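# Remarks on the overall topology
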Amino acid sequence: MRKGSDVIDKVVVTSDKGQKIQRILDLIFDHKRNQLLGFLVEEKGMFRDAKVIPLQEVQAIGSDAIIVKSKESIVKAHRVPAIKEILHQNIVLRGTRILTTEGLYLGGLVDLFFDEHSGLVEGYEVSGGVFADAYSGRSFVPAPEALTIGDDVAFVPPETAQMMEEQVGGIRGAVQATEDRFQESAQTASRRLQSASQNAGEQLQSSVENVNRRLQSASQNAGEQLQSSVENVNRRLQSASQNAGEQLQSSVENVNRRLQSANQNAGEQLQAATDATSSKLQDLNRNAAASLTNNLVDPAEQKVYVIGKHVERDVLTPDGSVLLLQGQEVTLVDAEAAARMGILDQLYRATGGSLTANISRNLQAATESTSNRIGSATMSSAANLRHSVNGLAAQAMQQARGRRILQTVRADDGLIIAASGQIVTESVLARAQTYGKQAELLKAAGLALATAVRSTTSDTWLETKVQLRQGTSVAQENLNTFWQALKQKAEMLQKRSTRAMRKQRIELALGRPVTRVILDPEDNVILNVGELITHCAVRQAEEGGVLNILLSSVYIKEPEISGQELRAEEHGMAALPHHHNGRYRNLKPNQSQ
């Protein structure tokens, strides 16, 4: 549905060449059949016929232009008999007064609403009259009503006046709709908050229990692994000690035999056997520590960890040489060398490496899993909420049928979904659904989702009807109160703005010279030409009522003459006195020089 005034002055563009050829001057419609016939693009002259575009030649009506096939779509009016007859009658729609057959004035016709495809006129917009909307001054008259348009007056049956009286527009209807929506929004928000709090509490409790269980399981597993590692180390140490003892025993026996056989070599052989035993014990201890470290922390992670760290103690190679000294930074070359020599675990522990890193990562993974589950539950709840809202919206659209629109609803391209005062019908509902304007239509009909689901259309309509008839004086009083409050607010803001501007002007003026003599009401000189504006001068000017004169006389440009040339001979009583050497000295206000 389009509004007539929205089409006026739109440019006409051809689809074959994309040329702008004309502009729409007026609409041509048959008021007897409520049918739009076409558009006037050139008025009739003394020696030329009017030019029109028949509706069937229009391909599309957009927000900025009307599209026709080619220049041939514009024809002379006499070639279309129906249009020729309408132009010959010269009936002017705008301003036509509407009266009932009983003599009641309903207002003046100002516009029409038509279907852009079929050209059917769906209704007329009326201005003024006894039922004008309190905001826009407009009301809606459906075209199917028995409307007889004459030269000066259009007549409608008395039932039309009763229908217009039932329109919900104006301040009272808007206030009532706002109160209903606010109340229902508050109740809905309270219910949702309560439900969300309960769900959040349950999810949090479940998450805490899961985390506790995982922590307990992780701690138990870590304890078992540590206990198992310690037992393995003890067994290996016992085995190593037992083997070392046997080897030592064997070595001692060999030594004894060798001492007996060769006394001169006994000392050297005994020393070699002792060194070998000590080295084996050290190897066994080192292997046990390396095995424990590698079981808890992967060697690749050890290498990544140690690079860039500083060692807390000396790190020795298996042959006893120094690999890194205490405080030295570990490089990639050092880490690879330690891995080749099998002492990467020593380097890892020497740089402060933790054996419980994997346990911490397991706990972090458990926490992230819990967060993901909470997020998934939240998304599921949001999807269910959207599904519920869509269902409520479908019910609300059916509740809107039969109600009157409080304000015009438009699509994004300017197409009118429903006009102010129009009754919501199936075609209006279909248009709103096609262009995705269901929520705007419900709002314009004075409905909220909770209100539409909870109450029936007849109950809401009867209540609104009774309140409109009984609350006219209350609406007028509310309007007066509103304007008084608005006026007071505007005056307060204006005073505040004036004070701020004056303060800013004073701050910009301080320390600058004046371009003329500033006199008080007794013609005393406050400041002379070229003298600097001081706080004392501002105060005296304000007391004398000449502050605006002072602020309007500030010299704000960069001076092109010397200060001596700019300064006058006589000093004002608010000027800063100065010594012969040109320096200022402080004096009390009004002190003579």
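Note that this is a predicted model, so its numbers are computed, not measured.

All right, on to the overall build of the chain then. Looking only at helices and strands, the chain has 17 helices and 21 strands in total. The 593 residues of the chain split such that 33% are buried. Here the contacts in the chain between residues at least 6 apart in sequence split such that 55% fall between residues at least 24 apart. If you sum the accessible surface of the chain, you get close to 36,200 Å²; carbon and sulfur atoms cover 51% of it.

Within the structure shown, the criterion is met by eleven salt bridges. Among the ionic pairs, Glu 122 bridges to Arg 431, the shortest N-O distance being 3.5 Å. Highlighted residues: Glu 122 in strand β12 (residues 121-127) and Arg 431 in helix α10 (residues 426-434), separated in sequence by 309 residues. When the shortest N-O distance is used, the salt bridge between Glu 426 and Arg 401 registers 2.4 Å. Of this pair, Glu 426 sits in helix α10 while Arg 401 sits in the loop between α9 (357-400) and β18 (409-410), and the two are 25 residues apart along the sequence. Each of Glu 42, Arg 48 and Lys 51 takes part in one network of salt bridges that share partners.

Glancing now at the sheet that holds strand β2 (residues 11-14). Strand order across the open sheet formed by four strands is β3-β2-β8-β7, with mixed pairing between neighbours. The open sheet has two free edges, formed respectively by β3 (20-23) and β7 (58-61), since each of these has just one partner strand. Strand-to-strand twist across the sheet, computed as the mean angle between neighbouring axes with direction ignored, equals 30°. Note: β2 against strand β8 (residues 65-68), four bridges, orientation parallel. The partner of Val 13 across the bridge, within β8, is Ile 67.

Under the counting rule described, the total for this entry stands at one aromatic pair. Arranged with centres 5.2 Å apart and planes meeting at 65°, the rings of Tyr 305 and Tyr 348 form a pair that is edge-to-face. In this pair, Tyr 305 is assigned in helix α6 (residues 299-306) and Tyr 348 in helix α8 (residues 344-350), connecting sequence segments 43 residues apart. Looking at Lys 309, its charged tip hangs above the ring of Tyr 305, at a distance of 4.4 Å from the centre.

Bringing the pairing of strand β10 (residues 97-100) into the picture now. Pairing between β10 and strand β11 (residues 105-114): three bridges, direction antiparallel. Opposite Arg 97, over in β11, you have Gly 108 as the bridge partner. Between the antiparallel neighbours β10 and β11 lie four residues, among them Gly 103 with a positive phi of about 90°.

This part takes up the confidence of the model for the chain. When the pLDDT values of the chain are averaged, the result is 75; 64% of them are 70 or greater. Across the chain, element-level confidence peaks in β2 with a mean pLDDT of 94 and bottoms out in helix α12 (residues 449-454) with 51. This model gives residues 168-172 a pLDDT under 50, and the stretch forms 17 contacts once residues within four places in sequence are excluded.

Examined against the element boundaries, Arg 404 turns out to sit in the loop between α9 and β18. Only 3.0 Å separates the side chain of Arg 404 from the backbone oxygen of Gly 421, close enough to count as a polar contact.

Attention shifts here to the sheet that holds strand β5 (residues 35-42). Strand order across the open sheet formed by four strands is β4-β5-β6-β9, with antiparallel pairing between neighbours. Two strands lie at the open edges of the sheet, namely β4 (26-30) and β9 (75-76), each paired on one side alone. As defined by bridge partners, β4 adjoins β5 across five bridges and the pair is classed as antiparallel. Residue pairing in the sheet places Asp 30 in a bridge with Gln 35 of β5. Here helix α2 (residues 81-89) sits on the sheet in contact with β4, β5 and β6 (51-54), set at roughly 105° to β4.

Turning to unusual backbone geometry, a few remarks are in order. Look at Asp 9: it is not a glycine, yet its phi comes out positive at around 75°. Taking relative accessible area as the criterion, Asp 9 reaches 48% and is therefore assigned partly exposed. A positive phi angle, close to 55°, is found at Asn 34, a residue other than glycine.

For α10, the full list of buried residues reads Val 428, Leu 429, Arg 431 and Ala 432. Around the axis of α10, the buried residues are gathered within 160° of arc, so they sit on the same side. Exposed residues pointing more than 90 degrees away from the buried face of α10 are listed as Gln 433 and Thr 434.

So, on to the side chain of Ser 420. By the element assignment, Ser 420 lies in the loop between β19 (416-418) and α10. At 3.4 Å, the side chain of Ser 420 forms a polar contact with the backbone oxygen of Leu 406. Those residues within four positions of Ser 420 in sequence are excluded, and the remaining contacts are Ser 139, Phe 140, Ile 405, Leu 406, Gln 407 and Thr 408.

Across four bridges, the pairing between β5 and β6 is antiparallel. Looking across to β6, one finds that Gly 38 is bridged to Pro 54. In this sheet, β9 lies alongside β6 in antiparallel orientation, the contact comprising two bridges. Note that in β9 the partner of Lys 51 across the bridge is Lys 76.

Rules behind the numbers
- Residues numbered from 1 in each chain as written.
- Predicted model: local features only at pLDDT ≥ 70, side-chain atom pairs only at ≥ 80, totals over all residues.
- Heavy atoms only, no water.
- Helix = DSSP H or I, 4+ residues; strand = E, 2+ residues; numbered from the N terminus.
- Buried < 20%, exposed > 50% of the residue type's maximum accessible area, 1.4 Å probe, protein only.
- Contact = heavy atoms within 4.5 Å.
- Areas by Shrake-Rupley, 256 points an atom, 1.4 Å probe, with all protein chains shown as cover.
- Salt bridge = Lys/Arg side-chain N within 4 Å of Asp/Glu carboxyl O.
- Pairing = 2+ DSSP bridges.
- Axes fitted to C-alpha atoms, helices over the stretch in contact; angles between N-to-C directions.
- Phe/Tyr/Trp six-rings, centres within 6.5 Å; stacked < 30°, edge-to-face > 60°.
- Lys NZ or Arg CZ within 6 Å of the ring centre and 35° of its normal.
- pLDDT = per-residue confidence, 0-100.
- Polar contact = N/O pair within 3.5 Å; in protein donor to acceptor, adjacent residues only side chain to side chain.
- Arc of directions from axis to C-beta.

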